[in-house]
Amino acid sequence: MLESQLGNLSTEPTVAPAKPLVVVISGPSGVGKDAVIKQLQEARPDLHFVVTATSRQRRPGEQEGVDYFFVSEERFKQWVHAGDMLEHAVVYGEYKGIQRSQVTNALARGTDVVLRLDVQGAATIRHLIPEAVSIFLVAESEAKLVSRLIARKTEPLDKMLVRVETARQEMSCIQDFDYVVNNRDGELDQAVGQIEAIIVAEKLKVWRQNAKAGESL
Ligand SMILES: Nc1nc2c(ncn2[C@@H]2O[C@H](COP(=O)(O)OP(=O)(O)O)[C@@H](O)[C@H]2O)c(=O)[nH]1
Ligand SMILES: Nc1ncnc2c1ncn2[C@@H]1O[C@H](COP(=O)(O)OP(=O)(O)O)[C@@H](O)[C@H]1O
């Protein structure tokens, strides 16, 4: 008998399930982060998409608790002083930030977490959670980016100019990211597919089978 030759065969799992992943999706305004995330949510309802807080006014069509938690600047600052925020930054003149509990609770449940952040937030998370995966989303050209911002019609010209000017500085941060995904015009599906592939591959990394995500939080 084979077993008698080999002795007791272990039934222990060959590899431990990978620890939950923290994925940061960043990139200049208008590249398609929200569009990508909305489609990713449909494809991967198992992922936890963190709803962040902002002092920015809600845009038509945006939903409280879905797109953001829309709070006053005063309330936002109270959360910061209370130590409730894992990260926060002033982005295009408005406060934006992540409530710590949103991330720690999801990781504690073993759920992979997706954060949509600007490059400042991405840098903070890279420091706080070194095992996080960061993805930089780009449009195929600055001209296409600007045309998307114009077509989106969410900002008056002055606020749009702030976004375009900042985009040039944000593009210089691309080297700090793990991946860059080109969200080409009319090819949103391909960009989402690439991000899905990144998430699948990262979960399969050998060292992630044993690492503990977000331990330092
Ligand atoms: N640092 C940081 N950035 C955030 C947070 N939530 C959203 N952002 C980013 O803030 C930027 C501005 O978002 P928004 O005002 O919705 O403008 P949009 O990018 O033009 O749609 C985007 O790059 C978001 O990814 C957050 O909690 N922290
Ligand atoms: N691949 C794409 N091709 C064409 N338009 C796109 C694509 N991805 C996003 N858009 C459009 O570009 C605009 C900006 O997208 P949005 O998701 O708001 O960007 P961000 O969240 O990065 O600011 C929106 O009108 C969106 O519908």
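Keep in mind it's a predicted model, so treat the numbers as computed, not measured.

Undergrad: Teacher, can you tell me more about the layout of surface pockets here?
TA: If a probe as big as a water molecule is rolled over the atoms, it shows which places are left empty. The calculated volume of the largest pocket comes to roughly 490 Å³. Lining the largest pocket are 27 residues, with Ser29, Lys33, Asp34, Tyr68 and Arg116 positioned closest to its centre. If you add up the space inside the second largest pocket, you get close to 230 Å³. Counting residues per element, the ones that place at least two in the lining of the second largest pocket are α2 (33–43) and β7 (113–116). Considering each element in turn, the lining of the second largest pocket owes the most residues, 4 residues, to α2. A per-class count over the lining of the second largest pocket returns 7 nonpolar, 1 polar and 4 charged.

Undergrad: What exactly am I supposed to notice about the sheet that holds strand β1 (residues 22–26) here?
TA: Through backbone hydrogen bonds, the strands of a sheet pair up, either in parallel or in antiparallel fashion. Here we have 5 strands laid out as an open sheet, ordered β2-β7-β1-β8-β9, and parallel in their pairing. In this open sheet, the two edge strands, each paired with only one partner strand, are β2 (48–49) and β9 (179–182). Relative to β9, strand β8 (residues 133–138) is paired through 4 bridges, and the arrangement is parallel. Bridge assignment links leucine 137 to a residue of β9, and that residue is valine 181. Relative to the sheet, helix α4 (residues 100–108) contacts β1, β2 and β7, its axis offset from that of β7 by approximately 155°.

Undergrad: Please clarify how the UniProt feature "domain: Guanylate kinase-like" (unreviewed entry) in the protein chain should be interpreted in this entry.
TA: Mapped onto this structure's residue numbering, the UniProt feature "domain: Guanylate kinase-like" (unreviewed entry) falls at residues 20–200. Segment residues 20–200 splits into 43% helix and 21% strand. End C-alpha atoms: 12 Å apart.

Undergrad: Whenever I open this one, the packing of aromatic side chains confuses me. Can you help?
TA: Throughout the structure, instances matching the rule amount to 3 aromatic pairs. Here the aromatic rings of tyrosine 68 and phenylalanine 70 are separated by 5.6 Å at their centres, their planes lie at 65°, and the arrangement is edge-to-face. Looking at tyrosine 68, the relative accessible area reads 9%, which means it is buried. With a centroid separation of 5.3 Å and an interplanar angle of 35°, the aromatic rings of phenylalanine 76 and tyrosine 95 are classed as tilted. Of this pair, phenylalanine 76 sits in helix α3 (residues 73–81) while tyrosine 95 sits in strand β6 (residues 94–99); the two residues are 19 residues apart in sequence, bridging distant segments of the chain. For the pair phenylalanine 76 and tyrosine 95, a shared accessibility class is recorded, and that class is buried. Above the ring of tyrosine 68, the side-chain terminus of arginine 116 is found at 4.4 Å from the ring centroid. Lying over the aromatic face of phenylalanine 177, arginine 126 brings its terminal NZ or CZ to 4.7 Å of the ring centre.

Reading the values: the criteria
- Residues numbered from 1 in each chain as written.
- Chains lettered and ligands numbered in written order.
- Predicted model: local features only at pLDDT ≥ 70, side-chain atom pairs only at ≥ 80, totals over all residues.
- Heavy atoms only, no water.
- 1 Å grid on protein atoms, 1.4 Å probe; cavity = no way out; pocket = protein on both sides within 12 Å on 5 of 7 lines; lining within 4 Å.
- Points joined across faces, edges and corners; volume = space filled by probe spheres on them.
- Helix = DSSP H or I, 4+ residues; strand = E, 2+ residues; numbered from the N terminus.
- Nonpolar A, V, L, I, M, F, W, Y, C, P; charged D, E, K, R; others polar.
- Pairing = 2+ DSSP bridges.
- Contact = heavy atoms within 4.5 Å.
- Axes fitted to C-alpha atoms, helices over the stretch in contact; angles between N-to-C directions.
- UniProt positions renumbered as here; feature names shortened; annotations may be inferred.
- Phe/Tyr/Trp six-rings, centres within 6.5 Å; stacked < 30°, edge-to-face > 60°.
- Buried < 20%, exposed > 50% of the residue type's maximum accessible area, 1.4 Å probe, protein only.
- Lys NZ or Arg CZ within 6 Å of the ring centre and 35° of its normal.

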